[in-house]
Amino acid sequence: MSSTTTSKWERRLLSGVQNGRVALAEHEAQWGPLPTTGGADLLAQVQASGLLGRGGAGFPAGRKMLTVAVGGGKTVVVANGAEGEPASAKDRMLLTRAPHLVLDGIQLAARIVGATEAYLVVHAGSRSTDAVYVAMSERRNRVPVQLRELPTAYVASEESAVVHWLNGGDAKPTFTPPRPFERGVHGRPTLVHNVETLAHVATIARHGSDWFRATGDADEPGTLLVTVTCDGVPGQVAEVPTGTPIGDILTRAGIEPGDTDAVLVGGYFGTWLPADLAAQLPLSHHALRAAGGGLGAGVLVALPAGRCGIRETARVAAYLAAHNAGQCGPCLNGLPAIAGALQRLCTGEWDDRWWPALERWMSVVPGRGACRHPDGAVRFIASGLSVFAADLAAHRAGRPCAGVTQPAFLPLPAATSRPSWR
Amino acid sequence: MTVSAVSALGSNPLWYTTRSAGVIAFVLLTLAFAFGLAATKRALASRFWPRFATQELHRNLSLLALGFLLVHIVTTLADSYVHVGWWSWVLPGASGYRTFWVALGTIAFDLVVVLIVTSLLRHRMAARLWRGIHYCAYAAWPLAFLHFLKTGTDAAHGRWGLYLDVICLLALGGAFAARWGTSDHPVGPVRSLRSRTR
Amino acid sequence: MRIRINPIECQAHGICAEMLPEWIDVDEWGYPILDGEELPAQLVAHAKRAAKACPTLAVILSGR
């Protein structure tokens, strides 16, 4: 049962954040000093809180920490702030405005799993790097934290890719098992958590699991950061209780129900949903899964009415196809094939006899790579073809749709040459 | 080493054995190399000749070659006519007879042993490590070729040795062309709009 | 026993599909398609041979 109201959403992570960075003194005035609670008690609190990972997978954070902790020996903590998702800005915002919450979270997580070293990973050229450096210089960390800048490829921020890169290899996903929690950085059990997850840990350590559970969905409590993109205002980050209806979030961001026909939820590995369905859906992992989607990285993009969803899907498909790691045959062959077909659907050079080939590729590509990149891409594309069925029919028949002349909408990074992997 | 000395000892059975075993070993090695080059090529297989058949041939010919190599080496060491030091089967340069060319043979043998042992233990090592080591074959065969050419009297004094050497070289050249000269991807039902992103 | 393919090591030689056509299908680019189900008992020996024959050791068997 959700406890949401549209009147006032309690800010937790973002409490105290106005404009600019929260310095150490302000941070400690707001939250108090770093708790000295022992690792075992901290772990119990995180487990009791029901906190789910905020990086996209939604795996229970306490369970992940427990698995690494029992691995024994000198473990490693990696805070993943590399936000590869173009439509997401929450990690960048958190690191720029409230870095001390994240840095606290790293220390607490290190205490829980017995880590002797920690890494905070951001994408090279990220705007949060400077703020993090300054924040790190303001404090003394028990467990040393190294700030590292990851290559800007889309798949580079995948868990095993980050670990492989930290070990000196390319920032490309590796074949699993073993997963990082078994064997990660320097071969040791490694805890990889999204920076938002660690920030929540820092708040739970101060106020306890009951406080954390007091807001949000009963099964997946707490708050989460969402990035809302709508016409005119790209990438607003808001903190909402879990289980808040998506419609409420969009309205708060200034999007009225009539403005949009479809909402992209999760990210470019997520799903399109019809606007009327999305409006009532609670923003939670289980509700979205039940509707055939996923919470992902908390991305919400409302496609303005009158735009061509097929064309936007095709643009993103081309981006995803260009950003495969080039390691696995089905992905490196299949995604460009699918993207090429979508491109032809949009430019009008489509021959409908190619449709079975496109369907075949969409069925044969998922699940056959080392990571979930092809799966996410195909899921995103399939949802687009389904939600924008009317536009699809027009394109297949060779009739252009109204939105084709509109400017491009979904945010994508400027086309770069092949990404470097080191 | 004069011609007359060689002909005077023509009836030595060890000497004959070592020469013939060596020649056979070399031919087998050449065939093994050629089949190894062909083993994974889709273009060189068919419904009636699957690639695992080529793979098995490659393996068995290599092992057979090793067998003949061992005979070649043992009979050479046992033969007191030419002084080839006891350690020259594994240590290059230990032979008093045609030191340099025998040494090439020694190194070739050492490499063949490494190739075979690592291949028998292939499943216990990283695939890429095994593959890297297996490229030693490209060094082992030329050494064996030169060893045959310059150590074996058959190549210098009996023309057939030279011809055999050259035939093996040409056969291997053909295998190379077949391996590296053709593309190997299957053509699917729909030629996709493919852009390689590697 | 189940078969998995390491998709990073796999270079689409297709020898596994040659040796186990009853179980391994190949897509239009030459890469193996598997459903991840339990292998029938009579195919286990063939699966082991297929794993041995893979040039990049991309075929992984688990279970018995």
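On a predicted model such as this, the values are computed, not experimentally measured, just so you know.

Parameters and conventions
- Residues numbered from 1 in each chain as written.
- Chains lettered and ligands numbered in written order.
- Predicted model: local features only at pLDDT ≥ 70, side-chain atom pairs only at ≥ 80, totals over all residues.
- Helix = DSSP H or I, 4+ residues; strand = E, 2+ residues; numbered from the N terminus.
- Buried ≥ 20, exposed ≤ 12 C-beta atoms within 10 Å, placed from the backbone.
- Contact = placed C-beta atoms within 7 Å.
- Rg over C-alpha atoms; globule rule 2.2 N^0.38 Å.
- Nonpolar A, V, L, I, M, F, W, Y, C, P; charged D, E, K, R; others polar.
- pLDDT = per-residue confidence, 0-100.
- Pairing = 2+ DSSP bridges.
- Axes fitted to C-alpha atoms, helices over the stretch in contact; angles between N-to-C directions.

Novice: Is there a simple way to think about the overall build of chain B in this case?
Specialist: Across its full length, chain B holds 8 helices and 0 strands. Starting at the N terminus, the α and β elements of chain B follow one another as α-α-α-α-α-α-α-α. Taking all 198 residues of chain B together, the buried fraction comes to 27%. Here the analysis covers contacts within chain B between residues at least 6 apart in sequence; of these, 61% occur between residues at least 24 apart.

Novice: I keep staring at the overall build of chain A and nothing clicks. Help me out?
Specialist: A count of helical and extended segments in chain A gives 16 helices and 9 strands. The C-alpha radius of gyration computed for chain A amounts to 21 Å, which stays within 12% of the reference 22 Å derived for 422 residues, consistent with globular compactness. Expressed as lengths along the three principal axes of its C-alpha atoms, the size of chain A is roughly 65 × 50 × 35 Å. For chain A, the residues scored as buried account for 57% of the 422 residues in total. Contacts in chain A between residues far apart in sequence, at least 24 positions, make up 73% of those at least 6 positions apart.

Novice: Could you clarify how one ought to interpret the environment of I249 of chain A in this entry?
Specialist: Inspection of the secondary structure assignment puts I249 of chain A in helix α9 (residues 246-252). Residues in contact with I249 of chain A, not counting those within four places in the same chain, are V226, V228, A238, V240, T244, L283 and L300 of chain A.

Novice: I'm lost on the interface of chain A and chain C in this one. Help?
Specialist: How big an interface is tends to be stated in terms of the accessible area lost upon association of its parts. In this assembly, 10 residues from chain A lie in contact with 9 residues from chain C. With 3 residues, the single largest contributor to the side of chain A that touches chain C is helix α13 (residues 329-347) of chain A. Of the residues assigned to the side of chain A that touches chain C, the class counts are 5 nonpolar, 4 polar and 1 charged.

Novice: Would you mind showing me how to read the confidence of the model for chain A here?
Specialist: Reading fine detail from the predicted coordinates is not recommended where pLDDT is low. Confidence in the prediction of chain A, expressed as mean pLDDT, is 91, and 96% of residues score 70 or more. This model gives residues 1-7 of chain A a pLDDT under 50, and the stretch forms 13 contacts once residues within four places in sequence are excluded.

Novice: Mind showing me how you'd approach the sheet that holds strand β3 (residues 145-150) of chain A here?
Specialist: Strands in a sheet are paired, the pairing made by backbone hydrogen bonds, and the direction either parallel or antiparallel. Residues and elements named next belong to chain A. Spatial strand order, β3-β2-β1-β4: 4 strands in an open sheet with parallel pairing. Edge positions in the sheet fall to β3 and β4 (190-194), since each of these pairs with one other strand and no more. Mean inter-strand twist for the sheet, computed between neighbouring axes without regard to direction, equals 25 degrees. Sheet topology note: the strand β1 (residues 75-80)/β4 ladder contains 5 bridges and is parallel. Within β4, the residue paired with V76 across the bridge is T190. In the packing of helix α7 (residues 159-166) onto the sheet, the strands contacted are β1, β2 (115-123), β3 and β4, and the crossing angle to β4 comes to about 125 degrees.

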